[in-house]
Amino acid sequence: MPRPIHAVIHSDALRHNMAVVRARAQDANLWAVVKANAYGHGIEHVFEAFRAADGFALLDLQEAERVRQLGWRGPILLLEGVFELRDLELCSRLGLWHVVHNEAQIDMLAAHKTHTPHRVFLKLNSGMNRLGFKPQSYRAAWARLNALPQVEEISLITHFSDADGEQGIARQLAVFQAAVEGLPGERSICNSAATLRFASGDAQARQDWVRGGIALYGSSPDYPSTSSAGWDLQPAMSLRTAIIGMQQLQVGDTVGYGSRFVAPVPMTIGIAACGYADGYPRICDTGTPILVDGVRTRTIGRVSMDMLALDLTPLLAQGRAAGLGSEVTLWGKASAAHGATVLPIDEVAACAQTVGYELMCAVAPRVAMQLEA
Ligand SMILES: *Cc1c(COP(=O)(O)O)cnc(C)c1O
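Quick look at the structure, then. (Residues numbered from 1 in each chain as written. Predicted model: local features only at pLDDT ≥ 70, side-chain atom pairs only at ≥ 80, totals over all residues. Heavy atoms only, no water.)

The next thing to look at is the pattern of salt bridges. Under the definition given, this model contains 16 salt bridges. Salt-bridge contacts for R206 lead to D27; the nearest nitrogen and oxygen are separated by 3.3 Å. Taken together, the positions of R206 in helix α10 (residues 203-206) and D27 in the loop between α1 (11-25) and β2 (29-33) put the pair 179 residues apart, joining distant regions of the chain. Looking at D27, the relative accessible area reads 64%, which means it is exposed. The partner of R296 in a salt bridge is E347, and the shortest N-O contact between them spans 2.5 Å. Taken together, the positions of R296 in strand β15 (residues 295-300) and E347 in helix α12 (residues 345-351) put the pair 51 residues apart, joining distant regions of the chain. The partly exposed category is assigned to R296, whose relative accessible area is 41%. Taken together, the salt bridges that share partners define one network made up of R3, D278, D306 and R366. (Salt bridge = Lys/Arg side-chain N within 4 Å of Asp/Glu carboxyl O. Helix = DSSP H or I, 4+ residues; strand = E, 2+ residues; numbered from the N terminus. Buried < 20%, exposed > 50% of the residue type's maximum accessible area, 1.4 Å probe, protein only.)

A few words on the site of the ligand. Inspection of the region around the ligand gives V33, K35, Y39, L79, K123, H159, N191, S192, R211, G213, I214 and Y357 as its neighbouring residues. At 2.5 Å, a side-chain N or O of S192 approaches an oxygen atom of the ligand. Backbone polar atom of G213 to an oxygen atom of the ligand: 3.1 Å apart, as the coordinates give it. A total of 390 Å² of accessible area belongs to the ligand in isolation, and the protein chains cover 93% of it. Here the residues of the shell around the ligand are counted per class, giving five nonpolar, four polar and three charged. (Near = heavy atom within 4 Å. Polar contact = N/O pair within 3.5 Å; in protein donor to acceptor, adjacent residues only side chain to side chain. Areas by Shrake-Rupley, 256 points an atom, 1.4 Å probe, with all protein chains shown as cover. Nonpolar A, V, L, I, M, F, W, Y, C, P; charged D, E, K, R; others polar.)

Glancing now at helix α8 (residues 170-180). Among the residues of α8, those classed as buried are Q172, L173, F176, A179 and V180. Viewed along the axis of α8, the buried residues span an arc of 130 degrees, placing them on a single side of the element. Across α8 from its buried face, at more than 90 degrees, point the exposed residues A170 and A178. Among the structural elements, β6 (118-124), α7 (135-146), β7 (151-158), β8 (187-190) and α10 are those in contact with the buried residues of α8. (Arc of directions from axis to C-beta. Contact = heavy atoms within 4.5 Å.)

Right, dumping it as structure tokens:
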């Protein structure tokens, strides 16, 4: 029998979340962002559910090839554009649309020999200061692209730095509007946070294409302001394992490396087959929420490479027979047999001083994945 840890990918949740994002995006087209192997869910696992999107956005060329191999004939957008000249051959061959964010990428296009002119998304740096042309050089870049026979159509794109926070999108939206004023072409500016928070009430924000990432996977982009349930999102990934060991503690007994947990009362603990080598954060020491047979309890002591300890007190208090083989849910949903209780990934991420994005992307290759229809 394989080690019991596994990740279940819920297609119904992926579909549901896409409908939620679509409703917010109204008439805008939707890019399903599937970079980083679909935020750790596996491109092959999310593909059928996301077929209802208008396009796939990602940044690895190999991932673009995988999406084409799955039979997708619609738009694919490379969010970082190309990295070297020969990447453009793949763009021509696979019909990839690509972001252009610097002069070097325009030089490459000018040097590219192709019979099929490309659709490009010219990126404005509206304040994030990561990729893109500054407002004062944006129009010159547009004119340069527009003069190239290699370019068929230019769309306009930017990215928000604070869509999830207090600052919001107003400042960058104004910078974008001013910079693109009068330029033709479709526009794409909203990520998940901007789409959920601002798109439905603001046509200037939602524009032609929204880019949905984290929300499609069921994590709230602005947790803790709004929880995933608050946005009506469902977890698309459940990381589950089983209890493989049990210990009875006397007062004063310690648990795990560094003896970080000291039992204040006699207690029963379980040892779950999940550790930091599976992608569970080591920093999630005593107190991180976790489900056993769908009942919420907490981790205890230090997370080790392959195991962690958890408190069985809440289950025993309910008279439940937790023990070897009991189901442990690290995040996501308990199985239907255990009431499908939800433990939002965002709560675990908060205990790890990070965001749901990082946890889902970091699930280790040794964790088997199963697609649940
Ligand atoms: C990753 C990414 C997105 C999606 O962001 P979420 O916060 O996951 O919705 C959108 N646009 C760009 C350019 C990205 O790199």
